[in-house]
Amino acid sequence: MFIKGKKKEENQEVWRWWEEEKRDDGVKWKYLEHKGPVFAPDYEKLPSSVKFYYDGQEMKLSEKAEEVAGFYARMLDHDYTSKSVFNNNFFKDWRKTMTSKEKETITDLSKCNFKYMHAYFLEKSEERKNMTKEEKKKIKEKNDEIMEEYGYCTIDGHKERIGNFKIEPPGLFRGRGEHPKMGMLKLRVMPEDVIINCSKDSNIPKPPEGHRWKEVRHDQSVTWLASWTENVQGQNKYVMLNPSSKLKGEKDWQKYEIARKLAKSIDKIRAEYREDWKSKEMRIRQRAVALYFIDKLALRAGNEKDEDQADTVGCCSLRVEHLALHEEKDGKQYVVVFDFLGKDSIRYYNEVPVEKRVFKNLQLFMENKSPGDDLFDRLNTGILNKHLNELMEGLTAKVFRTFNASFTLQAQLNELTDPDVSIPEKILQYNRANRAVAILCNHQRSVPKTHAKSMENLMKKIEAKKEQVKDAERQYKDAKKHARGSQKESIVAEKKKKALERLREQLAKLEVQATDKDENKEIALGTSKLNYLDPRISVAWCKKNGVPIEKIYNKTQREKFRWAIDMAGPDYVF
DNA sequence: CGACCGACTTGTTGGTATTGGA
DNA sequence: TCCAATACCAACAAGTCGGTCG
């Protein structure tokens, strides 16, 4: 894991850490130095012209109460403010910030008039939009300065980007789905809340003037530079390195190597869990069926969740109410219909024909149970992962998702890529392969609001282009007629021909674009590309097919996958 | 065990920068 | 050159998984 010998000069040599000797002793770094996190800007009081009314009466809020009211006012035209859970949580926490006098007066959220505050914030954001170029440039320069100062750290002799060096500002908690804590106040984080992690012999970051850190520690077994506990869920938040860093890149690489290892033993593992469907022991049958779902459907493991979080499930936490069994459905036998909310409360709906044995097992698991009971009552993620680790070192439930995603991409690329087509068409083929993975992983998105309209615009453009092509064809034909014998006219004809070709290319490109857009309207490709697809597959595909890597990965992604871009040749296979 | 928690990855959202066509 | 659509990226929520403790 560490560089052998002396430091290398950053500017003169690329840091090809994937060629360095590795060590795995639980120590994540030897030397770490940074400037500490950047805190949210202090609260700026509203101008006195921005009024707040309670029950028709103008009221001057204390600074604290005003700040929190502002968080709500900003969200006035958001769906959240129409939810009673959100409103109740907000109101309860808001009242905690009020003076005793305010508390006495303000007892009903519905009597609060935030409209003027809301209008003020809108106005502010409008102002920001209408700033002159110079003003915008100035702000950007300021941000760049902060970035330069606080956005990097030194780790084992190298300067690396930090991912999130800014502490989260205060605001209202926005949970996803039906989160019981939505609307609660996220408190302002102070230096006194923050733990710093760095080398003992480094320049220890200085807390802001007049403050001190909660703690400074020197723990080499973790990768974070700073941490604090967020008050709404009581969870730890961390300042960590950017994905382009060695630390993250190496971990990512490792992840894909484990997935490749699974590829080698997958046949054996599948044979084994199929055998386990017949086991005498209920817990083993449940484990085997759950594993089958994880493997075949790329379900997440499904840890148990607390009451005070949104009710979502994964494989191990599926309940009887989340699936329906059909001996026969739409001409298919033994169909299981899954319908549940997964991570981020995204709906998973799938009708899957399964082996008879699985079907019979499911009937058994569901016997004498209520809809709210666990499907796999003898199983949890701990048990499952322990078993998986016995099958293969490093194997856990999520490795199946990585493996199946990368495997599918490789297979789809092999199947879909036509070496004889243009680059835009090849990119379409790549996107189709990517899309197959996104569907497998259930990476959905809602159809963008502008989709229908922008599709319509595109079709219009295509029609117009078709006309132009026809026109150019006519012109070329004419020019060809006149061209006989005449040198000058031949040149004209040649030009017309070129123009026609260009137009045809443009048309083809538009048509490709239209297909791609429509096929993609309700599927998000980004998540799988970033987290599940071995980048070496894509890199190899680009190299083999003469597609520039920039067409597949943008700048950030290229930085994150630098290791793969360097490592993989055209013949790499997953 | 099982509850809890620390550390890290995976996921969506939404604001901002960039692009490309009128 | 302007404006809307799109691409990008930061922010931060929500998972996974291993370890510890009673």
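Residues numbered from 1 in each chain as written. Chains lettered and ligands numbered in written order. Predicted model: local features only at pLDDT ≥ 70, side-chain atom pairs only at ≥ 80, totals over all residues. Heavy atoms only, no water.

Basically, it comes down to this: UniProt positions are given in the numbering used here, feature names are shortened, and annotations may be inferred rather than shown by experiment.
By the naming in an unreviewed UniProt entry, chain A goes by DNA topoisomerase I and is assigned to Ladona fulva. UniProt annotates chain A under Catalytic activity (unreviewed entry) with the comment "ATP-independent breakage of single-stranded DNA, followed by passage and rejoining." What UniProt records for chain A under Sequence similarities (unreviewed entry) is the sentence "Belongs to the type IB topoisomerase family."

**Some thoughts on the pairing of strand S6 (residues 158-161)**
Selection rule: We call a residue buried when its accessible area falls under 20% of the maximum for its residue type, exposed when it is over 50%, and partly exposed in between, using a 1.4 Å probe and counting protein chains only. Numbering of helices and strands runs from the N terminus; a helix is a DSSP stretch of H or I covering at least four residues, while a strand is a stretch of E covering at least two. When DSSP finds two or more bridges between a pair of strands, those strands are recorded as paired.
Residues His-158 and Glu-160 of S6 are buried on one face, while the alternating residues Lys-159 and Arg-161, pointing to the opposite face, are not. The sheet contact formed by strand S5 (residues 152-155) and S6 spans 4 bridges and is antiparallel. Bridge pairing in S6 places Ile-155 opposite His-158. Between the antiparallel neighbours S5 and S6 lie 2 residues, among them Asp-156 with a positive phi of about 45°.

**Section: the UniProt feature "coiled-coil region" (unreviewed entry) in chain A**
As recorded in UniProt, the sites labelled "coiled-coil region" (unreviewed entry) are residues 122-149 and 452-520. Along residues 122-149 the backbone is 89% helical and 0% strand, and the end-to-end C-alpha distance reaches 32 Å.

**Describing a positive patch on the surface**
Applicable threshold: Patch definition: residues with relative accessible area over 30% and no salt bridge; like charges joined within 9 Å; nonpolar side chains (Val, Leu, Ile, Met, Phe, Trp, Tyr) joined within 5 Å. Working definition of accessibility: Shrake-Rupley area with a 1.4 Å probe, residue cover restricted to the visible protein chains. One speaks of a salt bridge when a side-chain nitrogen belonging to Lys or Arg is within 4 Å of a carboxyl oxygen belonging to Asp or Glu. For the charge count, each Lys or Arg is scored as positive and each Asp or Glu as negative, with His and the chain ends excluded. In plain terms, the charge of a residue is placed at NZ if it is Lys, CZ if Arg, CG if Asp and CD if Glu.
On the surface, a cluster of positive charge is contributed by Lys-477, Lys-480, Lys-481, Lys-497 and Lys-498. Those elements that place two or more of their residues in the positive patch are helix H12 (451-483) and helix H13 (487-519). Considering every element that reaches the positive patch, the biggest residue donor is H12, with 3 residues.

**Looking at the protein's contact with DNA strand C**
Selection rule: Note on terminology: near, applied to a residue and a molecule or strand, indicates that one of the residue's heavy atoms is within 4 Å of it. Here a polar contact is taken to be a pair of N or O atoms separated by no more than 3.5 Å, where protein atoms must pair a possible hydrogen donor with a possible acceptor and residues adjacent in sequence count only if both atoms sit in side chains.
Taken together, 31 residues are adjacent to DNA strand C, and Arg-176, Lys-305, Thr-396, Lys-517 and Thr-556 come closest. In this structure, a phosphate oxygen belonging to DNA strand C sits 3.5 Å away from a side-chain N or O atom of His-179. Ala-301 is positioned with one of its backbone polar atoms (N or O) 3.3 Å from a phosphate oxygen of DNA strand C. Contributions of two or more residues to the surface near DNA strand C are made by helix H10 (397-416) and H12.

**Points about the packing of helix H7 (residues 282-297) against H10**
Going by this rule: Convention adopted: a line fitted to C-alpha atoms gives each axis, helices being fitted over their contacting stretch, and angles between N-to-C directions are expressed from 0 to 180 degrees. Under this scheme an angle from 65 to 115 degrees is roughly perpendicular, one under 35 degrees roughly parallel, and one over 145 degrees roughly antiparallel; angles in between are oblique. Should the near helix be turned anticlockwise from the far one by less than a right angle, the crossing is termed left-handed; should it be turned clockwise, right-handed. Pairs of residues are marked as contacts when any of their non-hydrogen atoms sit within 4.5 Å. In this classification, the charged set is Asp, Glu, Lys and Arg, the nonpolar set is Ala, Val, Leu, Ile, Met, Phe, Trp, Tyr, Cys and Pro, and all remaining amino acids, among them Gly, are polar.
Here H7 crosses H10 at 30°, and the two axes come no closer than 8 Å. When the axis of H7 is compared with that of H10, the two are roughly parallel. Both H7 and H10 take part in a crossing whose hand is right-handed. Of the residues in H10, those in contact with Leu-291, Ile-294 and Asp-295 of H7 are Ala-397, Phe-400 and Asn-404. Here the contact of H7 with H10 is composed, by residue class, of 4 nonpolar, 1 polar and 1 charged.

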